[in-house]
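Close look at the chain arrangement
Single-letter residue listing:
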Amino acid sequence: MSFIVYREIKGKKYYSKVESYRVGGKVKRRILEYYGTTDPRKNSDAKPIVKSHEADASYCFGSVSLVYHAAQKIDLIDCVNNYATKRQGLPLSLEFFLTVAHKLLGNNPNSSNLSDWARDTHLPQLLNFDPSKITDETQDYMMNKLYDEEKNIDHLYRISIELYRNALKLFGKEGDIYLYEITSTYFEGKCCPIAFFGHNKDGKLDKLQINIAMIMDGKYGLPVVSKVFEGNINDVNTVYKMVYYPKVIMKKEKCLLVMDRGFDSEDNVKLMDTTKYDYIIGLRSTHKFVKKLKAETDFTVGNWDIIDSRGSEIKLRKVVKNLFGKRRNVILYYSPKAAADQKRKRDFRIENAIKRLGDQGGLTIKKAAEIVRRVKKYVVIGGREGKVTWRVDKIMVNHAERNDGKFCLMTNLNLGSKEVFTTYFSKDKIEKGFRCMKQDANMRPIYKRLTDHVIVDSFFCHVAYLLLRVVEHLAQKEKIDKSWNVLSSESSNIRLIEYRTLTDKKRFQIVANTEFQKDIVRKFDLYRYIPVPTTLPK
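Report on the accompanying structure. (Residues numbered from 1 in each chain as written. Predicted model: local features only at pLDDT ≥ 70, side-chain atom pairs only at ≥ 80, totals over all residues. Heavy atoms only, no water.)

With that settled, consider the sheet that holds strand β2 (residues 12-23). Spatially, β1-β2-β3 is the arrangement adopted by the 3 strands of the open sheet, whose pairing is antiparallel. Edge positions in the open sheet fall to β1 (2-9) and β3 (26-36), since each of these has one partner strand only. Strand-to-strand twist in this sheet, taken as the mean axis angle between neighbours without regard to direction, amounts to 40°. The pairing of β1 with β2 spans 8 bridges and is classified as antiparallel. Within β2, the position partnered with I4 by the bridge is K17. (Pairing = 2+ DSSP bridges. Helix = DSSP H or I, 4+ residues; strand = E, 2+ residues; numbered from the N terminus. Axes fitted to C-alpha atoms, helices over the stretch in contact; angles between N-to-C directions.)

It is worth spelling out the sheet that holds strand β12 (residues 305-309) at this point. Sheet strands associate in pairs through backbone hydrogen bonding, adopting either a parallel or an antiparallel arrangement. The 9 strands lie next to each other as β9-β8-β7-β10-β11-β17-β14-β13-β12, forming an open sheet whose pairing is mixed. The open sheet has two edge strands with one neighbour each: β9 (223-229) and β12. The average angle at which neighbouring strand axes cross in this sheet is 25°, direction not considered. Note: strand β11 (residues 278-283) against strand β17 (residues 406-411), 4 bridges, orientation antiparallel.

Here we take up a nonpolar patch on the surface. A cluster of nonpolar side chains, I31, Y34 and I49, forms an exposed patch at the surface whose accessible area comes to about 260 Å². The residue I31 is located in strand β3 in this model. The partly exposed category is assigned to I31, whose relative accessible area is 43%. (Patch = residues over 30% accessible without salt bridge, like charges linked within 9 Å, V, L, I, M, F, W, Y side chains within 5 Å. Areas by Shrake-Rupley, 256 points an atom, 1.4 Å probe, with all protein chains shown as cover. Salt bridge = Lys/Arg side-chain N within 4 Å of Asp/Glu carboxyl O. Buried < 20%, exposed > 50% of the residue type's maximum accessible area, 1.4 Å probe, protein only.)

Right, let's get into the side chain of K406. Tracing the sequence through the fold places K406 in strand β17. The charged side chain of K406 is buried without a salt bridge, its nearest counter-charge being D298 at 6.3 Å. A polar side-chain atom of K406 sits 3.0 Å from the main-chain carbonyl oxygen of K294. (Lys, Arg positive; Asp, Glu negative; His and termini not counted. Polar contact = N/O pair within 3.5 Å; in protein donor to acceptor, adjacent residues only side chain to side chain.)

This part takes up the packing of helix α1 (residues 62-73) against helix α3 (residues 92-105). Angle between the axes and distance between the axes are the two parameters that describe a pair of packed helices. The geometry of α1 relative to α3 is characterised by a closest axis approach of 11 Å and an angle of 130° between their N-to-C directions. On the basis of the axis angle, α1 is oblique to α3. In this structure, α1 meets α3 at a crossing whose hand is right-handed. The residues of α3 that touch α1, namely those facing S63, V64, V67, Y68 and A71, are F97, A101, L104 and L105. (Parallel < 35°, antiparallel > 145°, perpendicular 65-115°, else oblique. Left-handed = near helix turned anticlockwise from the far one by under 90°. Contact = heavy atoms within 4.5 Å.)

Given below as structure tokens:
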């Protein structure tokens, strides 16, 4: 029978758990666990202190437990189980979770190093599986059972919508505002059938790419559905397919879609009219009516609504225009900060082009035209071969300066200009989502070759970002107002030590080095994810 004793040294009490035993008829004691100055009888959270030479293994615990905790909150494994084919050995739903967690937490995550990553975590002992069962073949099998166009298998959208609705139970009541955006990510290789050269938003002009469109909840910033498109598709041609999901699958009769300036085609606007969805769309400056409206508007005179945006004063006014066959509300707004930025960038490009023209030896008209390609509206090339001349067209520069900082939004809603402006710029949430998917969920570059696997790999990043948002939300509920970057960085240093007691019993102990790490363990109650010592199946 074990019990707690203490020894007093220099006025301090040091506690241990001991048990009695007999040797030659004499009673002796042996120490089972050592607690230092903490009395475990008074502190139920007291853990035995492990000496470094007693540790048998050390596992990544904190960050993995946070992601697993978020997955449990939205029933991720059970949700995937509803759609994935059952198999002997490692369940597809568990391998799905491990793949998503690896995307968020692994270093250069891919199918070949997933097994090693899982082995370095406490999950095999917590969930009782053998990480060596994860291979390239099991990864291919899982992806084929989630999406296979040839066999008409597609569980991705149902899983994504079910996970979104599960997450809403944590966040609150669903809103009616949805954000729509598209981004690109590049490939390493040239074998994927849907990878093409296009407008690469990562600046990788020499890389093939795919496009990924996403609809996001505008209230909480939760990803709803995403879809992969060919790398050379135009943004405006994606809206028709994406509106299908809230209208048909989610059965949303009422919806407000917020879209960027890349989607303002006449066909898309008329599609919104047909679905009877509300919309706020940015208008490109290439439209003739936008050019005319900006040229005729003087923000220095008249009455304007004023709103503060990130420390900059914005002037706004609502006007009604006959656009695309109907009368629609247009919000014209002016940003002095944006105007100054546009002028600075334009002046820099003009000055740089003029300098390059002057420094270029043996200048030809063709070479001069190439140098001023980005500022050809403002720099006029003349002369003849052997004597090329150039000048800055100040009329065009002045015309551009009059339009600097002026932008237009279009909506069918009868809202005030301030409300339309604020709602439109809530799309920053979806831009943050794409950044996190590319950086935190390691969406770029893509190494997959088969189209179906590229689509599933993109979906892993979608679910990874959903888990990221759930972790941030749960942290805020526990009064931990930190972003994912801080939470993951700190929690990654929380380790789980495996050791054996003096009676050769396996034990685990969480090692958190800072007060913030201890807060994470305590407020998320990560103690529940300490494995129960067991024997792994062969």
